[in-house]
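# Per-entry structural report
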Amino acid sequence: MPALKISQGDLAREYTELKFEIDAAIGRVLTRGYYLLGPETEAFENEFGSWLGRKHVVTCANGTEALTLALMALGVGTGDEVLVPANTCMPTATGVKLSGAKPVPTDVDARTLTMCTKSAIQAVTPRTKAVIPVHLYGGPADLDAIQSLGLPIIEDCAQSHGATYRGRKAGTAGVLSCFSFYPSKNLGAYGDAGAVTTDDDKLAERLRRLRNYGQTRRDHHEDGGINSRIDEMQAAILRVKLRRLDDWNARRAKMAARLDAALMGLPGLSRPVTTNGGESVHHLYPLLTDQRDDLAAHLEKNGIQTRVHYPTPLHLQPVHEAWKLGKGSFPVAETACRRVISLPFFPHLRDEEIDAVSDSVRRFYVR
Ligand SMILES: *Cc1c(COP(=O)(O)O)cnc(C)c1O
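Residues numbered from 1 in each chain as written. Predicted model: local features only at pLDDT ≥ 70, side-chain atom pairs only at ≥ 80, totals over all residues. Heavy atoms only, no water.

## Some details on the overall build of the protein chain
Of regular secondary structure, the protein chain possesses 11 helices and 14 strands. On C-alpha atoms alone, the protein chain measures out to a radius of gyration of 21 Å, which is about the 21 Å that the 2.2 N^0.38 rule sets for 367 residues. Along the longest, intermediate and shortest principal axes, the C-alpha atoms of the protein chain span 70 × 55 × 35 Å. Within the protein chain, contacts between residues at least 6 apart in sequence are counted, and of these 68% link residues at least 24 apart. In the structure as shown, the protein chain presents an accessible area of about 15,700 Å², 51% of it carried by carbon and sulfur atoms. Charge separation in the protein chain, taken as the distance between the mean sites of 45 positive and 43 negative side-chain charges, equals 2 Å. (Helix = DSSP H or I, 4+ residues; strand = E, 2+ residues; numbered from the N terminus. Rg over C-alpha atoms; globule rule 2.2 N^0.38 Å. Contact = heavy atoms within 4.5 Å. Areas by Shrake-Rupley, 256 points an atom, 1.4 Å probe, with all protein chains shown as cover. Lys, Arg positive; Asp, Glu negative; His and termini not counted. Charge placed at Lys NZ, Arg CZ, Asp CG, Glu CD.)

Written out as structure tokens, the structure is:
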């Protein structure tokens, strides 16, 4: 057994780099004794908005509820349908379900594995009220094509902090755009957090009410709403990490290029490509191969942890049996789920570890 162990993510390395600033940020919050919707939240919302180029950032408790709040702000709920790609993780659908609306899956494009516009057109009914393209693996979905549906677009930017599409940052195109700051995302808190971004003043104001029991001022409620707030410690931590985000994304691009140089060209191995006119921030490094399970077992034996993003498309999850969309409903998504595998990939991975990973993959193909 090799001594080498390379995991999917080692966030303690990042904390070691930032310890001084993170400890100071947490200390500042504790000393102030103010824990929700305070100065750190406001400062982070302003700083993230300037970085993104968006007028309003409304933070919330997590990325799932960011999607729910976005739908609630648009008045989408029970009896409505919302298009989502079949190849995404469950929270994209969960966020829709929490609003009362029904997520309706579409197939994905074979090259990018993001929402297929043709399939989306076929899924539209009179009840369809919004579409949620997911910028998957760090690469943008084809927003121009999806725009042609004529539906309000809510971007799922949980994996795409800093990605661009036709020169604009992901998270600036949808009427509303949703971010997750789950710890392993390109910008992650040390706990749960999320945000909705918009340029629309009215929607922003509504979102601020909705995340705080519909409250406009103390004990005065004009909206339903839920409790979905970020906490001041996470906001303070995110402010520290936001200042590193561009460097970490640049590091991810270098790492992806290093892996590409070592792996692309091996027979039977490919990568999802980025939508035309888009630039990925490489949230993950997914490969596509018919020998996915054997490759995973080989890497595991060499001390390298892999993951599958995602093994089951939304429509084949047991919880969605009632949709009656069986095997074969979305062939491209289903094939991707059988062939995709993610290598260890996070900005604090060292070059020698990256090379150990690519050497191990090469040994699988070139024996
Ligand atoms: C992580 C993620 C979410 C949900 O984020 P949480 O903060 O865990 O609720 C939603 N959509 C996608 C595509 C994600 O990767």
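Continuing now.
## Quick word on the pattern of salt bridges
Throughout the structure, instances matching the rule amount to 29 salt bridges. Residues Arg244 and Glu17 are paired through a salt bridge, measuring 3.6 Å at the closest nitrogen-oxygen approach. Remark: Glu17 occurs in helix H1 (residues 11–32) and Arg244 occurs in helix H8 (residues 232–263); sequence separation between them is 227 residues. By relative accessible area, which is 19% here, Arg244 ends up buried. Overall, Glu17 belongs to the partly exposed group, its relative accessible area being 41%. Between Arg239 and Glu40 there is a salt bridge, with its nearest N and O atoms 2.9 Å apart. Of this pair, Arg239 sits in helix H8 while Glu40 sits in helix H2 (residues 39–52), placing them 199 residues apart in sequence. (Salt bridge = Lys/Arg side-chain N within 4 Å of Asp/Glu carboxyl O. Buried < 20%, exposed > 50% of the residue type's maximum accessible area, 1.4 Å probe, protein only.)

## A word on the layout of surface pockets
By volume, the largest pocket amounts to about 790 Å³. What lines the largest pocket is a set of 37 residues, among which Tyr182, Pro183, Ser184, Lys185 and His283 lie closest to the centre. Taken together, the elements giving at least two residues each to the lining of the largest pocket come down to H1, helix H3 (63–73), helix H4 (90–98), strand S8 (176–180) and H8. A breakdown of the residues in the lining of the largest pocket according to their chemical character gives 16 nonpolar, 13 polar and 8 charged. (1 Å grid on protein atoms, 1.4 Å probe; cavity = no way out; pocket = protein on both sides within 12 Å on 5 of 7 lines; lining within 4 Å. Points joined across faces, edges and corners; volume = space filled by probe spheres on them. Nonpolar A, V, L, I, M, F, W, Y, C, P; charged D, E, K, R; others polar.)

## Observations concerning the site of the ligand
Taken together, 14 residues are adjacent to the ligand, and Gly63, Thr64, Asp156, Ser180 and Lys185 come closest. One nitrogen or oxygen atom from the main chain of Gly63 is found 2.8 Å from an oxygen atom belonging to the ligand. Take Thr92: an N or O atom from its side chain is 3.5 Å from a nitrogen atom of the ligand. Contact with the protein chains removes 92% of the 380 Å² of surface that the ligand exposes when unbound. Among the secondary structure elements, those contributing two or more residues to the shell around the ligand are H3 and H4. (Near = heavy atom within 4 Å. Polar contact = N/O pair within 3.5 Å; in protein donor to acceptor, adjacent residues only side chain to side chain.)

## Here's the deal with helix H9 (residues 292–301)
For H9, the complete set of buried residues consists of Arg292, Leu295, His298 and Leu299. Considered in projection along H9, the buried side chains sweep an arc of 125° and stay on one side of the axis. Away from the buried face of H9 by more than 90 degrees, exposed residues Asp293, Asp294, Glu300 and Lys301 are located. In this structure, the buried residues of H9 make contact with helix H10 (331–339), strand S14 (340–342) and helix H11 (351–365). (Arc of directions from axis to C-beta.)

## Topic: the packing of H2 against H8
Two packed helices can be described by the angle between their axes and the distance between those axes. At their nearest, the axes of H2 and H8 sit 8 Å apart, and the two run at 25° to each other. Relative to H8, H2 is oriented roughly parallel. Once H2 is placed against H8, the crossing between them reads as left-handed. Facing H2, whose interface residues are Pro39, Glu40, Thr41, Ala43, Phe44, Glu47, Phe48 and Trp51, H8 presents Glu232, Ala235, Ala236, Leu238, Arg239, Leu242, Leu245 and Asp246. (Axes fitted to C-alpha atoms, helices over the stretch in contact; angles between N-to-C directions. Parallel < 35°, antiparallel > 145°, perpendicular 65-115°, else oblique. Left-handed = near helix turned anticlockwise from the far one by under 90°.)

## Points about the pairing of strand S1 (residues 56–60)
Within S1, 5 of the 5 residues are buried, leaving the element largely enclosed by the surrounding structure. Here S1 shows a buried face lined by His56, Val58 and Cys60 and a second buried face lined by Val57 and Thr59. Where S1 meets strand S9 (residues 194–198), 5 bridges bridge the pair, whose relative direction is antiparallel. Directly across from Thr59, in S9, lies its bridge partner Ala195. (Pairing = 2+ DSSP bridges.)

## Some details on empty space enclosed by the protein
The tally for this structure, following the rule as stated, stands at 1 cavity of 30 Å³ or more. If you add up the space inside the largest cavity, you get close to 40 Å³. As for the largest cavity, its lining consists of Thr88, Cys89, Thr92, Val134, Asp156, Ala158, Gln159 and Lys185. Residues belonging to the lining of the largest cavity are distributed by class as follows: 3 nonpolar, 3 polar and 2 charged.

## Examining the sheet that holds strand S3 (residues 102–106)
Strand order in the open sheet formed by 3 strands is S3-S2-S4, with parallel pairing between adjacent strands. Single-partner strands in this sheet number two, and they are S3 and strand S4 (128–131). On average, each strand axis in the sheet is tilted by 35° relative to the strand beside it, whichever way the strands run. Relative to S3, strand S2 (residues 81–85) runs parallel, the two sharing 5 bridges. From the neighbouring strand, Leu83 faces S3, where its bridge partner is Val104. Lying on the sheet, H4 is in contact with S2 and S3; it crosses S3 at an angle near 145°.

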